[in-house]
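# Inside the fold
If you want the building blocks of each chain, they are given just below.
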Amino acid sequence: MRTIAHTLTVLTLGIALASSSARAQHETAFDIEDGARAFAQSCANCHGPDGDLIAGIDLGRGLYRRPLSDAEIADIIVNGIPDTPMPPTPRMNEQQAYRIVAYLRSLEIAPAAVADSGNAARGKLIFEGKGACMDCHRVNGQGSRVGPDLSSIGLLRRAAELEQSLLEPAAEVQPSNRFYSVTPAGSEPITGRLLNHDTFTVQLFDTDERLRSFVKADLLDHGFVDTPMPSFQDELGAQEIADVVAWLVSLRGTP
Ligand code: HEC
Ligand code: HEC
């Protein structure tokens, strides 16, 4: 039932899109992916990763201050809006602008983000209590340095990506967050977040939050290891996951 209803919604919206812009029907998955990359590079720093950071505008949900056609949005992307902070991007050609539009339109028909049903205040309680997230993470100067600092995570990741981090932490690890293990002669293996490595040395932040440096030639063994972040798939219920995601989305650094 749900699948049929969903397919119908997508179909109806698909037709609406196709008629609102003759170009929409030619956009491929590649175009949308390319648009997503361009959006992250050129727009997210002001509009936020979900496109909802500027008051009255929610790009991911098609909520504009006045109704805008695809052509009008593409025009705004290239030419900006005069006398406002919305900048022109002259090096962007029309085709690239339309790929961003295709990406934004694809978000409108995607299922609503899980954060919508979550309660950030409850999420904070789970984060600090039952979830024990502070055993590894730091927020606004409190907590541990074993895992990445999450004080601004709401500016960096979309709700869907945050949800995936909780359910399948190993699915996508940022290069700067990878874990590394070294085995010095006569010692147990030491693991930690990799800070730096070159041909001769490796520096990591061990699980006791100490900065350690090793000479590779002195090591019996060294290499990347899996993330220590557990999956919360079975630890937290669906509502609790939504609450934690809502809390993470609200973390946008100290004003
Ligand atoms: C330097 C910050 C900044 C960047 C970068 C930026 N925008 Fe904007 N954008 C704004 C602001 C501020 C407004 C509101 C302008 C106003 O007061 O009308 C805006 C308005 C818009 C609007 C009109 C919304 C409406 O309701 O009328 C669209 C569409 C838009 N931006 C899309 C984009 C896209 C797509 C990108 C990336 C290619 C982008 N913006 C990059 C700051 C920015
Ligand atoms: C045992 C330590 C540990 C615990 C407990 C833990 N994490 Fe993590 N977490 C990590 C590490 C290490 C990473 C970096 C590697 C990765 O992405 O998996 C990470 C990554 C993340 C990321 C992705 C960060 C990014 O830059 O994309 C999020 C979000 C996150 N954790 C949230 C949480 C939340 C919320 C909880 C509690 C419900 C939690 N973590 C519990 C260690 C932990």
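Quantities reported herein were computed from a predicted structural model and do not represent experimental measurements.

## Section: unusual backbone geometry
Phi angles above zero are rare outside glycine, and aspartate 83 is one such case at about 65°. Within the fold, aspartate 83 resides in the loop between helix H4 (70-79) and helix H5 (94-109). In this structure aspartate 83 comes out as exposed when scored by relative accessible area, which is 85%. A positive phi angle is found at alanine 132, which is not glycine, with a value near 50°. Given a relative accessible area of 31%, alanine 132 falls into the partly exposed group.

## A short note on the site of ligand 2
In the neighbourhood of ligand 2, 25 residues make up the surrounding shell, with Cys133, Cys136, His137, Arg157 and Met229 lying closest. Here an oxygen atom of ligand 2 and a side-chain polar atom of arginine 157 are 2.7 Å apart. In this structure, asparagine 177 approaches ligand 2 through a side-chain N or O atom, which is 3.3 Å from an oxygen atom. Using a 2 Å cut-off from the grid points, one finds that ligand 2 occupies the largest pocket. Here the element with the most residues in the shell around ligand 2 is helix H8 (residues 159-167); it accounts for three residues. Tallied by class, the residues present in the shell around ligand 2 amount to 17 nonpolar, seven polar and one charged.

## Re the confidence of the model for the protein chain
In low-pLDDT segments, the atomic positions of the prediction should not be examined closely. The share of residues in the protein chain with pLDDT of 70 or more is 86%, and the mean pLDDT across the chain is 85. Throughout residues 1-24 the model reports pLDDT below 50, and contacts reaching past four residues in sequence, or to other chains, amount to ten contacts.

## As for the site of ligand 1
The immediate surroundings of ligand 1 are formed by 19 residues, with Cys43, Cys46, His47, Arg65 and Met86 found nearest. Histidine 47 places a polar side-chain atom, nitrogen or oxygen, 2.8 Å from a nitrogen atom of ligand 1. Between ligand 1 and the protein, one listed contact pairs an oxygen atom with a backbone N or O atom of arginine 65 at 2.5 Å. In this structure the site holding ligand 1 corresponds to the second largest pocket. Among the secondary structure elements, those contributing two or more residues to the shell around ligand 1 are helix H3 (44-47) and H4. Ranked by residue count, the leading element in the shell around ligand 1 is H3, at three residues. When its residues are assigned to classes, the shell around ligand 1 shows 14 nonpolar, four polar and one charged.

## Things to note about helix H6 (residues 120-128)
Within H6, the full set of buried residues consists of Gly123, Ile126 and Phe127. Down the axis of H6, the buried set is contained in an arc of 100°. They therefore lie on one face. Turned more than 90 degrees from where H6 packs its buried face, Ala121 and Leu125 sit exposed. The residue sitting at the N-terminus of H6 and contributing the capping side-chain oxygen is asparagine 119; that oxygen lies 2.9 Å from the backbone nitrogen of alanine 121.

Quick notes on the rules
- Residues numbered from 1 in each chain as written.
- Chains lettered and ligands numbered in written order.
- Predicted model: local features only at pLDDT ≥ 70, side-chain atom pairs only at ≥ 80, totals over all residues.
- Heavy atoms only, no water.
- Helix = DSSP H or I, 4+ residues; strand = E, 2+ residues; numbered from the N terminus.
- Buried < 20%, exposed > 50% of the residue type's maximum accessible area, 1.4 Å probe, protein only.
- Near = heavy atom within 4 Å.
- Polar contact = N/O pair within 3.5 Å; in protein donor to acceptor, adjacent residues only side chain to side chain.
- 1 Å grid on protein atoms, 1.4 Å probe; cavity = no way out; pocket = protein on both sides within 12 Å on 5 of 7 lines; lining within 4 Å.
- Sits in = over half its atoms within 2 Å of the grid points.
- Nonpolar A, V, L, I, M, F, W, Y, C, P; charged D, E, K, R; others polar.
- pLDDT = per-residue confidence, 0-100.
- Contact = heavy atoms within 4.5 Å.
- Arc of directions from axis to C-beta.

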